[in-house]
Amino acid sequence: MDLKGKKIILGVTGSIAAYKSAHLTRLLVKAGAEVQIIMSASALDFITPLTLATLSKRPVLVPFQKDETGEWNNHVELGLWADLFLVAPISANTLSKFANGLCDNLLTATYLSARCPVMIAPAMDLDMYQHPAVKQNLSKVASFGNVVLDAESGELASGLSGQGRMMEPETILASVEKFFKKTQDFQDKKVLITMGPTQEALDPVRFISNHSSGKMGLAIANSFLNRGADVYVVSGPIALKVNKNHFHWQDVKSAKEMYEASHKLHGMMDICVFAAAVADYAPAEIASEKIKKSDSELSFRMVKNVDIALELGKLKQPGQLHVGFALETENESENAKGKLDKKNFDLIVLNSMKESGAGFQLDTNRVHIFQRSGKSVSSDVESKDTIAELILDQIKLAPIWV
Ligand code: CTP
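Residues numbered from 1 in each chain as written. Predicted model: local features only at pLDDT ≥ 70, side-chain atom pairs only at ≥ 80, totals over all residues. Heavy atoms only, no water.

## A look at the layout of surface pockets
Logical step 1: Here the largest pocket defines a volume of roughly 1,600 Å³.
Logical step 2: Lining the largest pocket are 45 residues, and of these Ala 142, Val 148, Ser 383, Asp 385 and Thr 386 lie nearest its centre.
Logical step 3: For the lining of the largest pocket, a count of residues per class yields 16 nonpolar, 15 polar and 14 charged.
Logical step 4: In terms of domain composition, the lining of the largest pocket takes at least three residues from each of domain 1 (7–183) and domain 2 (190–401).
Logical step 5: Each pocket or cavity is described by its volume, and for the second largest pocket that value is around 850 Å³.
Logical step 6: Lining the second largest pocket are 37 residues, and of these Ala 276, Ala 277, Val 278, Phe 325 and Leu 327 sit closest to its centre.
Logical step 7: Of all the secondary-structure elements, those providing two or more residues to the lining of the second largest pocket are strand E8 (190–195), helix H9 (215–226), helix H11 (308–314), strand E16 (321–328) and helix H12 (332–342). (1 Å grid on protein atoms, 1.4 Å probe; cavity = no way out; pocket = protein on both sides within 12 Å on 5 of 7 lines; lining within 4 Å. Points joined across faces, edges and corners; volume = space filled by probe spheres on them. Nonpolar A, V, L, I, M, F, W, Y, C, P; charged D, E, K, R; others polar. Domains from an automatic or database assignment. Helix = DSSP H or I, 4+ residues; strand = E, 2+ residues; numbered from the N terminus.)

Here it is as structure tokens:
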């Protein structure tokens, strides 16, 4: 009874895998969860509401309007009621609506209103699953903080074989249980995350910056959020779509602004993750007018920027935990471990530019994490969401918590 008292909305959409929702409902109810099912209209072609209502012991909801009296199913209340919104199976169509904020039925309206974590289990044919539009939608909803339960490989309804089968109900149940266990483990912790690049202005229209996308930092922020933390983000300029309402979010541009915002927050934080790619140097002067071209060479004097992690490391108090990042191209491990001491980190995450699948703009990464105790762990090439989970798991292992 691992899910005792947990309130789960189970969304069911139009896919042949909808027949598995009956078994999933049974497993969730058996584990102790209260399950409220919402079906999309096309899910009705695949499974009857009577089956799901009987198994969930609650009437199934489909349209906005309850009956001809005009009474409506309140999607806002439903969204607030739930501890988890699980959509299994999610079709390519509903996925696309989630990714783009379309809201033409009760299921999609509830998605937009839900404040609880969202998990989705896609099911579709293999070519649909590989289509760039679907892939883009999956990474878009993942960037909103939704947990994607990757489709499994095997025989598909079309007769073809490949990735696209909805994860088996038993595996979904295990993921839900693990998720609830994890959601507690950073409860009430205040976490600061610096992320993205910084921009150092040369004049009113130009700046010096770097290729950081902010994807790794955002994945970490989402993982902390899903595991119950109170998350403060200080972000350089990024192009990602983020639901900032979930965080205490501050946008900054320069390293100086990032330092000032982080310094103000530092004293009340339990954990600080320095994931930003902060420019080490900034132009000594910012021209007040646009610099005009001329026939001669142009050079700038650069001055050292404040090292945010180093300065806040000096202020670190017992009970506070600092996590740093290192991006190295040579003597990776030695340089990373050197930074662990220099910047007073408890853990450092090493990205190696030499490894394929790891880098600034990618959705995947490969890291080595060094603990102050000397222990270390290396990941495979994984999605940045999986790497973020690994980083949080490693934070839990740091001696500070024992
Ligand atoms: N960092 C920071 N402020 C800076 C520079 C870096 O907070 N001005 C943080 C980064 O967010 C990261 C860590 O320090 O967590 C390591 O950054 P990195 O740039 O790799 O290290 P540096 O000390 O700048 O060393 P080098 O440039 O020689 O590699």
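## Thoughts on the side chain of Ser 40
Logical step 1: Relative to the helices and strands, Ser 40 resides in the loop between strand E2 (34–39) and helix H2 (49–56).
Logical step 2: The exposure class of Ser 40 is buried, given its relative accessible area of 4%. (Buried < 20%, exposed > 50% of the residue type's maximum accessible area, 1.4 Å probe, protein only.)

## A short note on the site of the ligand
Logical step 1: Surrounding the ligand, one finds 14 residues, the nearest of these being Phe 274, Ala 276, Ala 309, Phe 325 and Lys 343.
Logical step 2: In this structure, Ile 308 approaches the ligand through a main-chain N or O atom, which is 3.0 Å from a nitrogen atom.
Logical step 3: Separating an oxygen atom of the ligand from a backbone N or O atom of Phe 325 is a distance of 2.8 Å.
Logical step 4: Burial of the ligand by the protein amounts to 78% of the accessible area it has alone, namely 570 Å².
Logical step 5: Mapped by element, the contributors of at least two residues to the shell around the ligand are H11, E16 and H12.
Logical step 6: Counting residues per element, the shell around the ligand draws most heavily on E16, at 3 residues. (Near = heavy atom within 4 Å. Polar contact = N/O pair within 3.5 Å; in protein donor to acceptor, adjacent residues only side chain to side chain. Areas by Shrake-Rupley, 256 points an atom, 1.4 Å probe, with all protein chains shown as cover.)

## A look at H9
Logical step 1: Helix length check: H9 (12 residues) gives 16 Å between terminal C-alpha atoms against 16 Å at 1.5 Å per residue, within 8%.
Logical step 2: Among the residues of H9, those classed as buried are Met 216, Gly 217, Leu 218, Ala 219, Ile 220, Ala 221, Asn 222, Ser 223, Phe 224 and Asn 226. (Expected span 1.5 Å × (residues − 1).)

## Here's the deal with the sheet that holds strand E19 (residues 367–371)
Logical step 1: An order of E12-E11-E8-E13-E16-E17-E19-E20 is seen for the 8 strands of this open sheet, with the pairing classed as mixed. Here the strands that pair on one side only, and so sit at the sheet edges, are strand E12 (248–251) and strand E20 (376–378). Pairwise comparison of adjacent strand axes, ignoring direction, gives a mean angle of 15° for this sheet.
Logical step 2: As defined by bridge partners, E8 adjoins strand E13 (residues 271–274) across 4 bridges and the pair is classed as parallel. Among the inter-strand pairings, Thr 194 is bridged to a residue of E13, identified as Phe 274.
Logical step 3: Packing against the sheet, H12 makes contact with E16, strand E17 (347–352) and E19, and its axis sits at approximately 150° to E17.
Logical step 4: Along the sheet, helix H13 (residues 384–397) contacts E13, E16, E17, E19 and E20; its crossing angle with E19, the most-contacted strand, is approximately 10°. (Pairing = 2+ DSSP bridges. Axes fitted to C-alpha atoms, helices over the stretch in contact; angles between N-to-C directions. Contact = heavy atoms within 4.5 Å.)

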